[in-house]
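Survey of secondary and tertiary structure
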Amino acid sequence: MSQCQFDYRNRVVFVAGGTSGINLGIATGFAKAGATLAVMSRSQQKVDTAVDVLKGQGSHAIGFAADVRDVDSLKEVFEQVFQELGPIDVLVSGAAGNFPAAANEMSANAFKVVIDIDLLGTFNVLRYSYKYLRKPGASIINISAPQAFVPMEMQSHVCAAKAGVDMITRTTAMEWGPEGIRVNSLVPGPIEGTEGMKRLTPPGSTGRQIVINSVPMKRQGTVEDMANAAMFVASDAASYINGAVIPVDGGWGLGGAGQLGQGLADMVKSEK
Ligand code: NAP
Ligand code: COA
């Protein structure tokens, strides 16, 4: 999928969880469009590699090793981003954790860890970046998942967390809209070459083929598909889109719980 034309010169883009997969793909799209980037995730090594990738696109890029569960670190990160780069124009919140686990088998802490990273982590990123967002004009993009609206076996923790993420999108869109801040969710479908896909459907598995067959476009998405959608939603062309939960999934979600939920359940069980 080719890169669409957007101009993000003189814009500051912050991507939480922006050091691999979909989120790094989104950061790379913005870097190619001329933006200044700040990325953060837990691993210093991943941060360093991602910053090199973004600089390789000609972007001014900085990175931070921090955990979205650690409020004090987040406060320091956002203060430093503001001091070095100024107000944030585009904030992407995409840090997440996932593993397939049945509700009657996982520990309370296993459920909690996903809630803490995906749901509370999203709140933390929005809450503690708020002071530093450009007002008016900032665009926030939360990275959701189909699990937010389709119940899936082995995914009770992720379903609960991502449904909550979309409600944070809607409530902050209402609260912060008057200040000229838009908040939207992007819902990726199955995106090729990512950790999320690897965890639920190992490469070459029957499960992966079930997923691809259930996508009307008959292919997995790419990180470039996600970057193009993010750059559109953050652009002036989308200036009246606020509080929306937008699938970027080739129509995967159209089959609803019957197709999607059962397909995933069969797939996860066949891989166990
Ligand atoms: P990924 O490469 O594992 O991306 C997750 C990112 O979040 C990594 O950069 C990771 O880096 C960071 N991260 C994890 N825990 C963190 C924490 N506690 N604090 C800060 N950063 C943290 O996975 P992906 O598959 O590309 O998924 C990216 C997003 O898309 C997620 O929100 C996921 O739910 C969503 N999604 C993915 C798919 C898919 O097909 N892959 C489908 C639907 C939705 P560190 O390990 O360095 O922290
Ligand atoms: N099945 C069941 N429980 C699991 C599990 C699995 N596959 N993996 C971890 N857990 C449990 C642990 O046993 C622990 O529970 P316990 O204390 O009762 O034993 C709990 O989850 C926390 O695990 P821990 O490894 O301490 O968490 P962490 O904060 O270091 O890592 C994860 C978070 C577990 C989400 C880890 O997989 C991760 O870092 N993921 C990020 C990358 C990712 O998932 N990408 C895909 C995004 S869609």
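Attention here is on the structure that accompanies the text. Note that this is a predicted model, so its numbers are computed, not measured.

What follows deals with the packing of helix H1 (residues 21–32) against helix H2 (residues 44–56). It is the contact of H1 with H2, at a shortest axis distance of 9 Å, that shows an interaxial angle of 30°. One way to sum up the angle between H1 and H2 is to call them roughly parallel. The way H1 lies across H2 gives a crossing that is right-handed. Counted together, Leu 24, Ala 27, Thr 28 and Ala 31 of H1 and Ala 50, Val 53 and Leu 54 of H2 form the full contact between these two elements.

What follows deals with the site of ligand 1. Within the structure, ligand 1 sits among 31 residues, and Ser 20, Ser 41, Arg 42, Thr 194 and Gly 196 are positioned closest to it. At 2.6 Å, a side-chain N or O of Ser 41 approaches an oxygen atom of ligand 1. Within the complex, 90% of the 880 Å² of free accessible area of ligand 1 lies under protein. At a threshold of 2 Å from the grid points, most atoms of ligand 1 map onto the largest pocket. Broken down by class, the residue content of the shell around ligand 1 amounts to 13 nonpolar, twelve polar and six charged.

For any two helices packed against each other, one specifies the inter-axial angle together with the distance between the axes. One way to put it is that H1 packs onto helix H8 (residues 223–233) with a least axis distance of 8 Å and a crossing angle of 55°. Between H1 and H8, the interaxial angle falls into the category oblique. Classified by chirality, the crossing of H8 by H1 is right-handed. In this structure, H1 contributes Gly 21, Ile 22, Gly 25, Ile 26, Gly 29 and Phe 30 to the contact, and H8 contributes Val 223, Met 226, Ala 227, Ala 230 and Met 231.

In this section: the site of ligand 2. Among the 15 residues in the neighbourhood of ligand 2, the closest are listed as Arg 42, Asn 98, Ser 107, Asn 109 and Arg 199. In this structure, Asn 98 approaches ligand 2 through a main-chain N or O atom, which is 2.9 Å from an oxygen atom. Interatomic distance of 2.6 Å between a side-chain N/O atom of Ser 107 and an oxygen atom of ligand 2. Protein contact buries 55% of the 950 Å² of open area that ligand 2 shows by itself. Taken together, the residues of the shell around ligand 2 break down into six nonpolar, five polar and four charged.

A few words on the pattern of salt bridges. Across all of its chains, the model carries seven salt bridges by this definition. Linked by salt bridges that have partners in common, Glu 195, Lys 198 and Arg 199 make up one network.

With that settled, the discussion passes to the sheet that holds strand E5 (residues 139–143). Note on sheets: strands pair through backbone hydrogen bonds, and any given pair is parallel or antiparallel. Spatially, the seven strands line up as an open sheet ordered E3-E2-E1-E4-E5-E6-E7, and their pairing is parallel. Taken across any chain shown, the strands that pair with only one partner, and hence form the sheet edges, are strand E3 (61–65) and strand E7 (245–248). Shown here is a sheet whose adjacent strand axes are inclined to one another by a mean of 20°, direction ignored. In the sheet, E5 pairs with strand E6 (residues 182–188) via five bridges, with the strands oriented parallel. Its bridge partner lying in E6, Ser 139 is registered against Arg 182.

Further remarks concern the pairing of strand E1 (residues 12–16). Extensive coverage of E1 is indicated by the burial of five of its five residues. Every second residue of E1 is oriented toward a common face, with Val 12, Phe 14 and Ala 16 on one face and Val 13 and Val 15 on the other, all of them buried. When E1 meets strand E4 (residues 90–93), the two strands line up parallel, connected through four bridges. Bridged to Val 15 within E4 is Val 92.

Rules used throughout
Residues numbered from 1 in each chain as written. Chains lettered and ligands numbered in written order. Predicted model: local features only at pLDDT ≥ 70, side-chain atom pairs only at ≥ 80, totals over all residues. Heavy atoms only, no water. Axes fitted to C-alpha atoms, helices over the stretch in contact; angles between N-to-C directions. Helix = DSSP H or I, 4+ residues; strand = E, 2+ residues; numbered from the N terminus. Parallel < 35°, antiparallel > 145°, perpendicular 65-115°, else oblique. Left-handed = near helix turned anticlockwise from the far one by under 90°. Contact = heavy atoms within 4.5 Å. Near = heavy atom within 4 Å. Polar contact = N/O pair within 3.5 Å; in protein donor to acceptor, adjacent residues only side chain to side chain. Areas by Shrake-Rupley, 256 points an atom, 1.4 Å probe, with all protein chains shown as cover. 1 Å grid on protein atoms, 1.4 Å probe; cavity = no way out; pocket = protein on both sides within 12 Å on 5 of 7 lines; lining within 4 Å. Sits in = over half its atoms within 2 Å of the grid points. Nonpolar A, V, L, I, M, F, W, Y, C, P; charged D, E, K, R; others polar. Salt bridge = Lys/Arg side-chain N within 4 Å of Asp/Glu carboxyl O. Pairing = 2+ DSSP bridges. Buried < 20%, exposed > 50% of the residue type's maximum accessible area, 1.4 Å probe, protein only.

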